[in-house]
Amino acid sequence: MEIIHVSAECYPVAKAGGLGDVVGALPKYQNQQGHIAKVVMPMYRTKFLNEHSFDVVHKGSFGLAHYYFEYTIIKESNNTTGFDLYLVDIYGLLDREKIYGYDDDDVRFTAFQIAVVDWISKWKHHPDIVHVHDYHAGFIPFMMQHCYAYRHLSQIKTILTIHNAQYQGWMDWWKSSYLPEWDSFKWGLLEWEKTINPLASAVKCATKVNTVSPGYLEELRHDANGLEMLFEYERGKCFGILNGIDVDVWNPETDTYIEENFNLADFKIKKAANKKVLGDQFNLDETKPLIVFIGRLVGEKAADLLPASISDSIYYMEGKMNFLILGSGDPLVEQQLEDLRSQLFG
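Please read these numbers as outputs of a predicted model, since none were measured by experiment. (Residues numbered from 1 in each chain as written. Predicted model: local features only at pLDDT ≥ 70, side-chain atom pairs only at ≥ 80, totals over all residues. Heavy atoms only, no water.)

A. Just a nonpolar patch on the surface, in detail. The grouping of I245, V247 and W250 at the surface amounts to a nonpolar patch, some 330 Å² of accessible area in total. Secondary-structure assignment places V247 in the loop between β11 (238–240) and α8 (267–282). (Patch = residues over 30% accessible without salt bridge, like charges linked within 9 Å, V, L, I, M, F, W, Y side chains within 5 Å. Areas by Shrake-Rupley, 256 points an atom, 1.4 Å probe, with all protein chains shown as cover. Salt bridge = Lys/Arg side-chain N within 4 Å of Asp/Glu carboxyl O. Helix = DSSP H or I, 4+ residues; strand = E, 2+ residues; numbered from the N terminus.)

B. Region of the structure containing the sheet that holds strand β7 (residues 157–162). Ordered by their spatial adjacency, 9 strands build an open sheet running β3-β4-β5-β2-β1-β6-β7-β10-β11, and the pairing between neighbours is mixed. Of all the strands in the sheet, the pair left with one neighbour each is β3 (54–64) and β11. Within the sheet, the average angular offset between the axes of one strand and its neighbour, ignoring direction, is 20°. Bridge count between strand β1 (residues 2–6) and strand β2 (residues 36–42): 5 bridges; the pairing is parallel. Bridging from a neighbouring strand, I3 pairs with A37 of β2. Each of β1, β2, β3, β4 (67–76), β5 (84–89) and β6 (129–133) is contacted by helix α3 (residues 105–121), which is oriented at about 115° to β3, the strand it contacts most. (Pairing = 2+ DSSP bridges. Axes fitted to C-alpha atoms, helices over the stretch in contact; angles between N-to-C directions. Contact = heavy atoms within 4.5 Å.)

C. The nonpolar core, seen in detail. Membership of the largest hydrophobic core comes to 62 residues, with the highest contact counts inside it found for V6, F62, V88, I90, I140, L160 and I162. For this core, the leading source of residues is α3, giving 9 residues. Apart from the residues lying within four places of it in its own chain, the contact partners of F62 are Y67, Y68, F69, Y71, I90, A111, I114 and A115. Counting residues in hydrophobic clusters, the runner-up holds 18 residues, among them L19, M41, M43 and L85. (Core = buried A, V, L, I, M, F, W, Y, C linked by side-chain atoms within 4.5 Å. Buried < 20%, exposed > 50% of the residue type's maximum accessible area, 1.4 Å probe, protein only.)

D. Expanded view of the environment of Y44. By the secondary structure assignment, Y44 is in the loop between β2 and α2 (47–51). In the structure, Y44 is positioned 301 residues away from F345 in sequence and 37 Å away in space, judged by C-alpha atoms. Residue contacts for Y44: discarding those within four places in its chain leaves A8, A14, L49, L94, R96, K98, I99, R108 and F109.

E. A look at empty space enclosed by the protein. Evaluation of the coordinates by the stated rule reveals 1 cavity of 30 Å³ or more. Around the largest cavity sit K275, L278, G279, L284, D285, E286, L290 and N322, which together line it. Tallying contributions element by element places α8 first for the lining of the largest cavity, with 3 residues. Here the lining of the largest cavity is built from residues that sort into 3 nonpolar, 2 polar and 3 charged. (1 Å grid on protein atoms, 1.4 Å probe; cavity = no way out; pocket = protein on both sides within 12 Å on 5 of 7 lines; lining within 4 Å. Points joined across faces, edges and corners; volume = space filled by probe spheres on them. Nonpolar A, V, L, I, M, F, W, Y, C, P; charged D, E, K, R; others polar.)

F. Spotlight on unusual backbone geometry. At the junction of Y11 and P12, the peptide bond is cis and its omega measures out at 10° in the coordinates. Its identity as a non-glycine residue notwithstanding, A302 has a phi of 65°, on the positive side. When you line up the elements, A302 lands in the loop between β12 (290–294) and α9 (306–316).

G. Spatial organisation of the packing of α9 against helix α10 (residues 331–345). Viewed as axis vectors pointing N to C, α9 and α10 meet at an angle of 20°, and their least axial separation amounts to 9 Å. It follows from the interaxial angle that α9 and α10 lie roughly parallel. Residues L306, P307, I310, S311 and I314 of α9 lie in contact with α10, whose contacting residues are V333, Q336, L337, L340 and L344. In terms of residue class, the contact of α9 with α10 is built from 8 nonpolar, 2 polar and no charged. (Parallel < 35°, antiparallel > 145°, perpendicular 65-115°, else oblique.)

Printed below as a string of structure tokens:
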């Protein structure tokens, strides 16, 4: 079975969160089980891009409203990720240092998706499954079924994996011209709450939908940033599949990012040595318990609770523990943590 994963992130190329981890691991293990799994993502200006070699496999072009874009598909030459990795290069649009956070992200990710579908439409064969991840690839099932130029792809099965339903890619209706010419009678498949909603469209159009755990699927029926009723309507094709980990990457016996590798026999000694390295690096007392938060500083990760929780803990426990925070996100939370650090350390 040939499976094409389409995603904005993929470890180790470019990653902002769990999406990148999943897309960087799942295809590798699918290949090990005998499938042909490939990944297509935008070409950002990353360390990975500069340190690996690539071959050009396709060039094309398309219109997007009053824009005209030429795109290039490049393939990583040496299969270092464990699967075929393809990057979509659109000069001046995708070739930037950051993944997200630009004012024209709607144009960037719509153009990325059009390039992917346009490229697949030129293949001499059809893949068995196109697997799209989050809203950044959410238009693809709709385009494959209802854009006139790509209707010959409509029989390909599509899967949507929702890693985070809080981000949905909302667009005003005047931006409907961003999509290649499409059947206007199908406007309802793009719409939710009077806006174009790529994530909602993918839920409606994909053959199957899955979330990163059964618990998250249940949560989305009650808290999905406005899509709660949609998940009720489409519950028959929705499944929750618990995320795994890449045991090759997350292996403390071989991990090159820690000072001392360890196993079950010596983990107490070696983890203490690693803690000392962290303590030396961040001027922390290694004899105190160390509490670490690594993640996006946003409400769904409960990061908004961190500043007050840390402050109260330090006060009531008289500073008998250390806290180490790694992340970015809500500017208010970031500022509160910076203020707390200044209060404690000057």
